Amino acid sequence: MSAGTFVSFEGIDGSGKSTQARLLADHLRGAGHDVILTREPGGSPGAEEIRSLVLQGDPDRWSAETELLLFTAARRDHMERLILPAIDAGKIVICDRFADSTRLYQGLSRGNLRAAVDALHTLMIGREPDLTVLIDMDPDTGLARAKGRQGTEERFEDFGTELQQKMRAGFLGLAQEFPDRFRTIDGARDIDTVAMDVRATVTAYLTSSG
Ligand code: ADP
Ligand code: TYD
């Protein structure tokens, strides 16, 4: 069986990643593809346990370095148990956030840890998505949408708009750094319009990669 495809969604909190990842998965399944929809942090039982450690509690519960180790441990488990077996079986894996989130949230939010993030990624993960869909949007709108969800996983949202501004600029910077795999989509439109754009972008990639 031929190798599958690994697609990640990235963007600031509330940009519409989860909504769009789900709509893309539904569309591709309808078109006959075998699709695994997953998310980070989490996606495997062990990684979901780590998720509650990193997303709940005070913003200063962990240092950026400790967080980096926790997110990387979660990703390694997710890769071993779900993502790599699915890709090897020829499936399309759609992941809501992946290593680009670590490059920004742990790499840039409190000092510059980008070199440590990249070193650990090379050592422990060693793979990038084939395609990364960046849903770009204004942080005030994104934060208002995210807060509207009223959840308990608010550690990062509690860092505030200034961090989100930095993350937005950072994601656009990563899109320039990795132009081959990044596609940037304007998220400040209605859900269906964004979804059509995402669908066209991913379908074009799947067609061209054969
Ligand atoms: P993310 O996963 O990026 O945090 P979500 O997909 O969970 O974002 O969306 C956050 C909230 O905003 C949800 O309540 C969702 O229904 C809503 N939402 C998503 N996309 C749009 C859109 N294009 N326009 C308006 N609201 C949206
Ligand atoms: P997520 O559940 O995708 O939140 P949202 O739907 O609000 O975008 O991710 C939760 C938080 O985890 C988010 O604020 C970003 C953070 N995060 C990191 O800090 N590092 C990482 O490696 C990942 C995957 C997420």
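Structure shown above.
Residues numbered from 1 in each chain as written. Chains lettered and ligands numbered in written order. Predicted model: local features only at pLDDT ≥ 70, side-chain atom pairs only at ≥ 80, totals over all residues. Heavy atoms only, no water.

Evaluated as defined, the whole model comprises 17 salt bridges. Two residues, E80 and R76, come together in a salt bridge whose shortest N-O distance is 2.7 Å. Of this pair, E80 and R76 both sit in helix α3 (residues 64–88), separated by four residues, roughly a single helical turn. The class of E80 is partly exposed, set by a relative accessible area of 41%. Relative accessible area serves as the criterion here: at 36%, R76 is assigned to the partly exposed category. Residue D197 is joined to R189 by a salt bridge in which the shortest nitrogen-to-oxygen separation is 2.7 Å. (Salt bridge = Lys/Arg side-chain N within 4 Å of Asp/Glu carboxyl O. Helix = DSSP H or I, 4+ residues; strand = E, 2+ residues; numbered from the N terminus. Buried < 20%, exposed > 50% of the residue type's maximum accessible area, 1.4 Å probe, protein only.)

Taken in spatial order, the five strands make up an open sheet running β2-β3-β1-β4-β5, and their pairing is parallel. Taken across any chain shown, the strands that pair with only one partner, and hence form the sheet edges, are β2 (35–39) and β5 (182–186). Between one strand axis and the next, the sheet turns through 20° on average, direction left out of account. The pairing of strand β1 (residues 5–10) with strand β4 (residues 131–136) spans four bridges and is parallel. If you follow V7 over to β4, its bridge partner there is L131. The sheet strands contacting helix α1 (residues 17–30) are β1, β2, β3 (92–96) and β4, and the helix crosses β2 at an angle near 170°. Its contacts with the sheet put α3 on β1, β2 and β3, and the angle it makes with β2 is roughly 155°. (Pairing = 2+ DSSP bridges. Axes fitted to C-alpha atoms, helices over the stretch in contact; angles between N-to-C directions. Contact = heavy atoms within 4.5 Å.)

Let us look at the nonpolar core. Side chains that are nonpolar tend, in soluble globular proteins, to be buried together. Core analysis: the biggest nonpolar cluster contains 18 residues, and F9, L28, I94, V133, V198 and V202 have the highest contact counts within it. Secondary structure elements with two or more residues in this core: β1, α1, β3, β4 and α8 (191–209). When residues in this core are grouped by element, the largest group, five residues, is from α8. Not counting residues up to four positions away in its chain, the partners in contact with F9 are K17, Q20, A21, L24, I94, C95, D96, R97, V133, I135 and V198. (Core = buried A, V, L, I, M, F, W, Y, C linked by side-chain atoms within 4.5 Å.)

As a further point, take the pairing of β4. Burial analysis of β4 places six of its six residues in the buried class, which makes it a mostly covered element. Here β4 shows two buried faces, one formed by L131, V133 and I135 and the other by T132, L134 and D136. For β4 and β5, the ladder comprises five bridges, and the chain directions are parallel. Residue V133 lies in a different strand from β5, and its bridge partner there is R183.

Looking now at the packing of aromatic side chains. According to the stated counting rule, one finds two aromatic pairs in the structure shown. With a centroid separation of 4.9 Å and an interplanar angle of 80°, the aromatic rings of F6 and F98 are classed as edge-to-face. Within this pair, whereas F6 is found in strand β1, its partner F98 is found in the loop between β3 and α4 (99–108), the two being separated by 92 residues in sequence. Owing to a relative accessible area of 0%, F6 belongs among the buried residues under this scheme. (Phe/Tyr/Trp six-rings, centres within 6.5 Å; stacked < 30°, edge-to-face > 60°.)

Moving on, we come to the packing of helix α6 (residues 139–147) against helix α7 (residues 161–177). Each packed pair of helices is defined by two parameters, the angle between the axes and the distance between the axes. Two elements in contact, α6 and α7, have axes whose closest approach is 9 Å; the angle formed by their N-to-C orientations is 120°. In this view, α6 runs oblique relative to α7, as classed from their interaxial angle. Where α6 crosses over α7, the two elements pack in a sense that is right-handed. Here P139, D140 and L143 of α6 lie close against α7, whose contacting residues are T161, Q164, Q165 and R168. Of the residues that constitute the contact of α6 with α7, the class distribution is two nonpolar, three polar and two charged. (Parallel < 35°, antiparallel > 145°, perpendicular 65-115°, else oblique. Left-handed = near helix turned anticlockwise from the far one by under 90°. Nonpolar A, V, L, I, M, F, W, Y, C, P; charged D, E, K, R; others polar.)

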